[in-house]
There are 2 protein chains.
Amino acid sequence: MPRFTEDEVIDRIEAMRRRRPRFTDEHITMAHGAGGKASRQLVEGLIVPLLDNPALAPLGDAARVDVAVTGSTARLALTTDAFVVRPLQFPGGSIGELAVNGTVNDLAVSGARPIALTAAFVLEEGLSSTVLEAEVRAMALAAVAAGVSIVAGDTKVVERGKCDGMYIATTGIGEVDDRADLAPTGVRAGDRVIVTGCVGDHGIAILLARGELDLSADVCSDTRSLWPLMDALLGACRGDLHCARDATRGGVATVLNEIALAAQLGVVISEELLPMRPEVRGAGEILGMDPLYVANEGVFIAFVAADAADAALAALHGVPGGEAAAIIGEVADEPAGRVLGRTQFGGHRMIDLLVGDPLPRIC
Amino acid sequence: MPRFTEDEVIDRIEAMRRRRPRFTDEHITMAHGAGGKASRQLVEGLIVPLLDNPALAPLGDAARVDVAVTGSTARLALTTDAFVVRPLQFPGGSIGELAVNGTVNDLAVSGARPIALTAAFVLEEGLSSTVLEAEVRAMALAAVAAGVSIVAGDTKVVERGKCDGMYIATTGIGEVDDRADLAPTGVRAGDRVIVTGCVGDHGIAILLARGELDLSADVCSDTRSLWPLMDALLGACRGDLHCARDATRGGVATVLNEIALAAQLGVVISEELLPMRPEVRGAGEILGMDPLYVANEGVFIAFVAADAADAALAALHGVPGGEAAAIIGEVADEPAGRVLGRTQFGGHRMIDLLVGDPLPRIC
């Protein structure tokens, strides 16, 4: 490294140092992940201005998050998800929007009001800066819509061919709502099973967006924050809402199985009651995808005491995204740990956990 | 899907369902990321038993973390990091251990006692289950050593060639210590600059572990939890500890620049005072790596009021990993926003931010 006198040093870099770093590179390079000057330009020149918020601005090693507490305990919820969806953008959403909403929703269905998120990026060398900027912007917009701040982040870069454009891992912290006491073990025989919206949109939208099939249909991902729906449901049901889970990977069938197993109760549903758009039903039939197993990003399943079911439905119907909410079945003592579908002909079929992966990298 | 009577269903799968899922697959497949049966086997059969703790066990969408609070505000710290280190295992550590310690340390140097972590995995199809198990085990051991629980997780699988074995993103939540009031803007002219241990071990260990160089040396990564060192330092210095930052990517030089810029003060160090193992110094010279820019995973830089510097050093020397702690320089009003190295010949050199990436994927 060259040597300078102190004065020379000051003169040479005065102008450069005082100004805010600018990010003008067209593509991501390994240097953007090295923690030095290029990393600073990427973080301070592109990411932070888009995600602008007071907790992120100091760029310390950790963000400070103060949570007001009544009583002596902060009741927090913590959740994390890695997002590897392919393609990065699809009708109705993109990886950035999904990374925010997916994590917000894991908090929401746990009865926790989302407070703050963190985001860790793995970027592929050669990724277009325009694509990255679009995704950071999508995250910023989704965060505003969901009422959360993205308070901490990290960026790593891997060589060409060691990633697929970008992966994003988000983590969310939330405050458990006083009205919420949700757990699979809170589910009771007689509870009604409510699905909050039309199923299958996200999975079918992704499948069509891949363009590998000679089929097109007007289907958009349902990615959205579920907190407004949960907030309304808690307001209407309070302790009568026993459990909720969002129907993402593995779809409605997988969620019902998880709850049945954990509660050691039976879940019996009538498949014809599942709200579903005709385009989604049609595409599913052509593609041989059972909509019960297709991923959603804006739908959750709620287990509600029978007496509160009507109030729950009314509350959901009043919130955007909940218009199609429906009761699809109920909980019974038997068959313990299993899910049965009542057919229109009076028979039953076993609805098991998803086996294999009909649709990889859905989120 | 075949149809069964209810009784047939019960008989067929009774035995299967009651037992805990077992994970016996030799390699990771796409199905392990699909959210269905294979995912359940991976998570409940391999990951959860190794990370065993009460918050993780319920496997809800979010983990419940209760934090006892005195007063009306929970003062939390939140941080996230993606780990893409290559190779996955190296002398002195591995990606799993790094993923725990790296995030614990971002909390620690912010003056926050680490409480809980989350872990999001991106796994490559075909990854050996033995390799994954070793890393989950390494995370479990590192978490126990650091006094944190891993309370939530996620697992995604991408196709062969879309990842490099595995990437792990961890997020940490901590409670800001009452004794800590740390910020770059708290740094004052006259503060002493302390480095808590020998520099360069991690970066040189990784470089040698790649086996691309015809050089071997007995160098191990310094990955460790830094909370015990921070705890001791806070005990000795309290408000006289003004700022701390761990010297990871970009090394000591980058941290000093970040603080100088944020504080708009000058940092002047004497490079010969940097504690460094002879093997590291030698390997660095042969490889042309400036140790000031080499990443560490068990060293932080502390800015301490001059009066408290001796007590700070004594405290650090009493904690494992802090035996080599040393004062390497001090803070001055000028040159504002810059770092200067005093040479043994009385001259100065400018020590700038890292440019380019001499050593990609170091963490």
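Source: prediction; values computed, not measured.

*Asks:* For the interface of chain B and chain A, give the residues involved together with the corresponding values.
*Replies:* Listed as interface residues are 103 residues of chain B and, on the opposing side, 102 residues of chain A. Of the roughly 8400 Å² buried between chain B and chain A on both sides combined, carbon and sulfur atoms contribute 56%. Taken together, the links from chain B to chain A amount to 12 salt bridges. A salt bridge links Arg249(A) to Asp154(B); the nearest nitrogen and oxygen atoms lie 2.8 Å apart. A total of 10 residues in the side of chain B that touches chain A trace back to one element, the largest contributor, which is strand S2 (residues 73-83) of chain B. Class assignment of the residues belonging to the side of chain B that touches chain A gives a composition of 52 nonpolar, 23 polar and 28 charged.

*Asks:* Kindly report on the relation of the copies chain B and chain A, identifying the contributing residues and their values.
*Replies:* Of the two same-sequence chains, chain B is brought onto chain A (RMSD 0.0 Å, axial shift 0.0 Å) by a rotation of 180 degrees. On this basis, the relationship between the two copies can be described by a two-fold rotation axis. The overlap is high: 98% of the interface residues of chain B also sit at the interface in chain A, so the same surface is used on both sides.

*Asks:* Summarise the pattern of salt bridges; cite the residues concerned and give the values.
*Replies:* Applying the stated rule across the entire model yields 38 salt bridges over all chains. Here the salt bridges do not stand alone but share partners, grouping Arg86(A), Asp164(A), Arg361(A), Glu159(B) and Lys162(B) into one network.

*Asks:* How would you summarise the pairing of strand S7 (residues 166-176) of chain B if you had to cite specific residues and measurements?
*Replies:* All names here are of chain B. For S7, the tally of buried residues reaches 10 of 11 residues, placing the bulk of the element in the interior. Pairing between S2 and S7: eight bridges, direction antiparallel. Counterpart to Thr80 in the pairing with S7 is Thr171. In this structure, strand S5 (residues 112-124) lies alongside S7, joined through 11 bridges in antiparallel fashion. Looking at the pairing, Arg113 lines up with Glu175 of S7.

*Asks:* Which residues make up the confidence of the model for chain A, and what values do they have?
*Replies:* Per-residue pLDDT for chain A averages 91, and the proportion of residues at 70 or more is 94%. Across the assembled chains, the prediction reports ipTM 0.92 with pTM 0.93.

*Asks:* How would you sum up the domain arrangement of chain A? Please name residues and give values.
*Replies:* Residue and element names in this part refer to chain A. Here chain A is described as being made up of domain 1 (61-176) and domain 2 (184-350). Spacing between the C-alpha centres of domain 1 and domain 2 amounts to 24 Å. For the domain 1 and domain 2 pair, buried surface summed over both sides reaches about 1600 Å², with 61% attributable to carbon and sulfur atoms. Contact with domain 2 buries area across many residues of domain 1, yet Arg86, Asn105 and Val109 alone supply 32% of it, more than any other trio.

*Asks:* How would you sum up empty space enclosed by the protein? Please name residues and give values.
*Replies:* Summed over all chains, the structure comprises six cavities of 30 Å³ or more. Roughly 160 Å³ of volume is contained in the largest cavity. If you go around the largest cavity, you meet 20 residues; those closest to its centre are Ala34(A), Arg249(B), Asp357(B), Leu359(B) and Ile362(B). Of the residues that constitute the lining of the largest cavity, the class distribution is 14 nonpolar, two polar and four charged.

Parameters and conventions
Residues numbered from 1 in each chain as written. Chains lettered and ligands numbered in written order. Predicted model: local features only at pLDDT ≥ 70, side-chain atom pairs only at ≥ 80, totals over all residues. Heavy atoms only, no water. Contact = heavy atoms within 4.5 Å. Buried area = accessible area lost by both parts, 1.4 Å probe. Salt bridge = Lys/Arg side-chain N within 4 Å of Asp/Glu carboxyl O. Helix = DSSP H or I, 4+ residues; strand = E, 2+ residues; numbered from the N terminus. Nonpolar A, V, L, I, M, F, W, Y, C, P; charged D, E, K, R; others polar. Least-squares fit on C-alpha atoms with pLDDT ≥ 70 in both. Buried < 20%, exposed > 50% of the residue type's maximum accessible area, 1.4 Å probe, protein only. Pairing = 2+ DSSP bridges. pLDDT = per-residue confidence, 0-100. Domains from an automatic or database assignment. 1 Å grid on protein atoms, 1.4 Å probe; cavity = no way out; pocket = protein on both sides within 12 Å on 5 of 7 lines; lining within 4 Å. Points joined across faces, edges and corners; volume = space filled by probe spheres on them.

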